[in-house]
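Each chain, written out:
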Amino acid sequence: MIFENTKDFARQLDDQDVLQKYKGEFIFPKVNGKNVIYFTGNSLGLQPKRTKSYVDEIMNDWAELGVEGHFFAQKPWWDYQERFAEPLSKIVGSLPSEVTVMNTLTVNLHLLMVSFYRPTKTRFKIICEEKAFPSDQYMFQSQVRFHGYNPEDAIVEIKRRDGEHNIRTEDVIAKINEVGEEVALVLIGGVNYYTGQVFDIRSITAAGHQVGAKVGWDLAHAAGNVKLELHDWEVDFAAWCSYKYMNSGPGNAAGCFVHEKHHSNKDLPRFAGWWGHNKEKRFKMESEFDPVEGVDGWQISNLPVLSLAPYLASVEMFDEVGMQVLIEKRKRLTAYLEFILTEIDNEVTSSFEIITPSNSSERGCQLSVLVHGEGKNLFGYLMKQGVIIDWREPNVIRLAPVPFYTSYEDVFNFGQILKKGMLK
Ligand SMILES: *Cc1c(COP(=O)(O)O)cnc(C)c1O
């Protein structure tokens, strides 16, 4: 499609957009009395209008029923998480029994590492990407130390080539093969939080399995953003937070995937708790642990229902729309933003560089822009003008036009504001 940098053209695209009406389903913060242009859904998604009623429902049931709400609430609390299995499985490409919600992201990854990072004297290394999200780095270091190994020996990072912003798939696979039988676990962020690069999950997972390793993915920036087929790709395990592209609210409950092939393996070590115990027998209070067959066997505690409720509202919205529609719009909208950035860059003198891959299969909705020169001032100016973006040291602005609630006109308007700021 040939794009144009005009308001009319942007409005035409909006008129053809089947998701257009969903913009009105979200609540926008305001700056100077006007709705902001919100480009930080990769950090904290906006609040859907319907979410409050999901939370109110729990509050009301609790008020009216007290403890009886566990079984008699409108959506009973004791197995509330089961409502996520169908819709979440469509979002991440899995069987319903492979996905659930529990805890928070880093906690889930730790718990899954208990089962899937089983180092031995000869096979103890973890392969991850260079500059992984800090929480993942701390997690790797603490897990390795917990098992009595030294992070310097046990953690192997895949590097970017000199002068390149992204990591090549061939280099990931070469590193896996090089470390070979010493690899216990490959665990990478499916979409890099800094550059927006999407990793080739299928090929990397296959390469990890070839050398006999387990392969897990941190899908914080991938879930609800890019196409996932976790079951078919034979991913061993994965986890994601729900507050980024999935609009569940700050710090809310996280998603978790364990492949079916591991479900009946009772020898897998895990940290257990009563909510992972066979549902029929849970309240018999017996002392021998009998895990639910399926990912729910990794549940530990009584469910944080007030934190699950907003996520349920969100997951139901995804189900209404379908990932395919979101992905189609995301591709076009991100391409339009890329076009607008290139147009503006040609018109102004101080220049910037998009470091996110330009190939639409290697990126999701985020574009990371390296700003040469007065980057921090430009960031401050944009925020004052009601464009909510984020700044990552030393000089990167991340822009995520989330397809659910960003219009083409927003992207056009952003371009106009940006141009003014750069001509000053
Ligand atoms: C956002 C993010 C996290 C956050 O982890 P929490 O446990 O939810 O705080 C972890 N990993 C990656 C890659 C992220 O982008």
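About the thresholds
- Residues numbered from 1 in each chain as written.
- Predicted model: local features only at pLDDT ≥ 70, side-chain atom pairs only at ≥ 80, totals over all residues.
- Heavy atoms only, no water.
- Core = buried A, V, L, I, M, F, W, Y, C linked by side-chain atoms within 4.5 Å.
- Buried < 20%, exposed > 50% of the residue type's maximum accessible area, 1.4 Å probe, protein only.
- Helix = DSSP H or I, 4+ residues; strand = E, 2+ residues; numbered from the N terminus.
- Domains from an automatic or database assignment.
- Phe/Tyr/Trp six-rings, centres within 6.5 Å; stacked < 30°, edge-to-face > 60°.
- Pairing = 2+ DSSP bridges.
- Contact = heavy atoms within 4.5 Å.
- Buried area = accessible area lost by both parts, 1.4 Å probe.
- Salt bridge = Lys/Arg side-chain N within 4 Å of Asp/Glu carboxyl O.
- Polar contact = N/O pair within 3.5 Å; in protein donor to acceptor, adjacent residues only side chain to side chain.
- Near = heavy atom within 4 Å.
- Areas by Shrake-Rupley, 256 points an atom, 1.4 Å probe, with all protein chains shown as cover.
- Nonpolar A, V, L, I, M, F, W, Y, C, P; charged D, E, K, R; others polar.
- Axes fitted to C-alpha atoms, helices over the stretch in contact; angles between N-to-C directions.
- Parallel < 35°, antiparallel > 145°, perpendicular 65-115°, else oblique.
- Left-handed = near helix turned anticlockwise from the far one by under 90°.

Caption draft 1: Main features of the nonpolar core. One finds L88, W217, W240 and F404 to be the most contacted residues of the largest nonpolar core, which totals 74 residues. With 10 residues, helix α10 (residues 305-321) is the single largest residue contributor to this core. Composition of this core by domain shows at least three residues from each of domain 1 (7-48 + 322-423) and domain 2 (54-321). Core analysis: the next-biggest nonpolar cluster, separate from the first, contains 34 residues, L337, L341, V371 and L378 among them.

Caption draft 2: Molecular detail of unusual backbone geometry. Backbone torsion omega between E393 and P394 reads 0 degrees, so that peptide bond is classified as cis. Position of P394 among the secondary structure elements: in the loop between β16 (390-392) and β17 (396-399). Even without glycine at this site, N32 takes up a positive phi of about 50 degrees. Residue placement: N32 occurs in the loop between β2 (30-31) and β3 (34-35).

Caption draft 3: Expanded view of the packing of aromatic side chains. One pass over the full model with this rule turns up 27 aromatic pairs. Ring centres of Y38 and Y405 lie 6.2 Å apart, and the angle between their planes is 55 degrees; on these two criteria the pair is classed as tilted. Of this pair, Y38 sits in strand β4 (residues 37-38) while Y405 is found in the loop between β17 and α13 (408-423), placing the two residues 367 residues apart along the sequence. Judged by its relative accessible area of 1%, Y405 is buried.

Caption draft 4: The pairing of strand β12 (residues 254-258), seen in detail. Here β12 lies mainly inside the structure; five of its five residues are buried. Pairing of strand β6 (residues 99-102) with β12, which is carried by four bridges, proceeds in the antiparallel orientation. Counted as the bridge partner of T100 is C256 from β12.

Caption draft 5: The domain arrangement of the protein chain, seen in detail. Here the domain parsing of the protein chain yields domain 1 (7-48 + 322-423) and domain 2 (54-321). The centre of domain 1, based on its C-alpha atoms, is set 29 Å off from the matching centre of domain 2. Counting residues at the interface gives 39 residues for domain 1 and 26 residues for domain 2. Across the interface of domain 1 and domain 2, roughly 2,600 Å² is buried in total on both sides, 59% from carbon and sulfur atoms. Taken as a group, M323, I355 and F404 account for 20% of the area that domain 1 buries against domain 2, more than any other trio of residues on that side. The interface formed by domain 1 and domain 2 holds zero salt bridges in total. On the surface where domain 1 and domain 2 come into contact, there are 16 residue pairs in polar contact (both at pLDDT 80 or more). The set of elements that each furnish at least two residues to the side of domain 1 that touches domain 2 consists of α11 (323-347), β14 (367-371) and β17. At six residues, the largest contribution of residues to the side of domain 1 that touches domain 2 is made by α11.

Caption draft 6: The environment of N302, seen in detail. Residue placement: N302 occurs in the loop between β12 and α10. N302 gets classed as partly exposed once you look at its relative accessible area, which sits at 34%. Each C-alpha atom, one on N302 and one on S115, is 21 Å from the other, the two residues being 187 residues apart in sequence. Beyond its immediate sequence surroundings of up to four residues, N302 is in contact with H70, W274 and W275.

Caption draft 7: Looking closely at the site of the ligand. Taken together, L105, T106, F133, D136, D218, A220, H221, C241, Y243 and K244 are the residues near the ligand. The side chain of H221 places a nitrogen or oxygen atom 3.2 Å from an oxygen atom of the ligand. Measuring from an oxygen atom of the ligand, one finds a side-chain N or O atom of K244 at 2.6 Å. Contact with the protein chains covers 84% of the free accessible surface of the ligand, which is 390 Å². Among the residues making up the shell around the ligand, the classes are represented as five nonpolar, two polar and three charged.

Caption draft 8: Fine view of the packing of helix α5 (residues 105-116) against helix α6 (residues 134-146). Contact geometry of α5 with α6 gives a least axis separation of 11 Å together with a crossing angle of 30 degrees. It follows from the interaxial angle that α5 and α6 lie roughly parallel. Judged by the sense of rotation from one axis to the other, the crossing of α5 with α6 is right-handed. Together, T106, L109, H110 and M113 of α5 and S135, D136, M139, F140, S142 and Q143 of α6 make up the contact between the two elements. Looking at side-chain class alone, the contact of α5 with α6 contains four nonpolar, five polar and one charged residues.

Caption draft 9: Highlighting the packing of helix α12 (residues 375-384) against α13. Where α12 contacts α13, the two axes come as close as 10 Å, and the packing angle between them is 135 degrees. When the axis of α12 is compared with that of α13, the two are oblique. The handedness of the crossing between α12 and α13 is right-handed. Only F414, I417, L418, K420, G421 and M422 of α13 make contact with α12, whose side of the interface consists of L378, Y381 and L382. Across the contact of α12 with α13, the residue classes break down as seven nonpolar, one polar and one charged.

Caption draft 10: Here's a closer look at the sheet that holds strand β9 (residues 183-189). Taken together, seven strands build an open sheet; the order of strands is β6-β12-β11-β10-β9-β7-β8 and the sheet is mixed. The two strands at the open ends of the sheet, each matched to only one other strand, are β6 and β8 (155-158). Taking the axes of each pair of neighbouring strands and ignoring which way they run, one obtains an average angle of 20 degrees across the sheet. Pairing of strand β7 (residues 125-129) with β9 involves three bridges; the strand directions are parallel. Paired with I126 across the two strands is L185, which belongs to β9. In the packing of α5 onto the sheet, the strands contacted are β6, β7, β9, β10 (214-218), β11 (237-240) and β12, and the crossing angle to β11 comes to about 170 degrees. Sheet strands touched by helix α9 (residues 201-210): β9 and β10. Its angle to β10, the strand with the most contacts, is close to 150 degrees.

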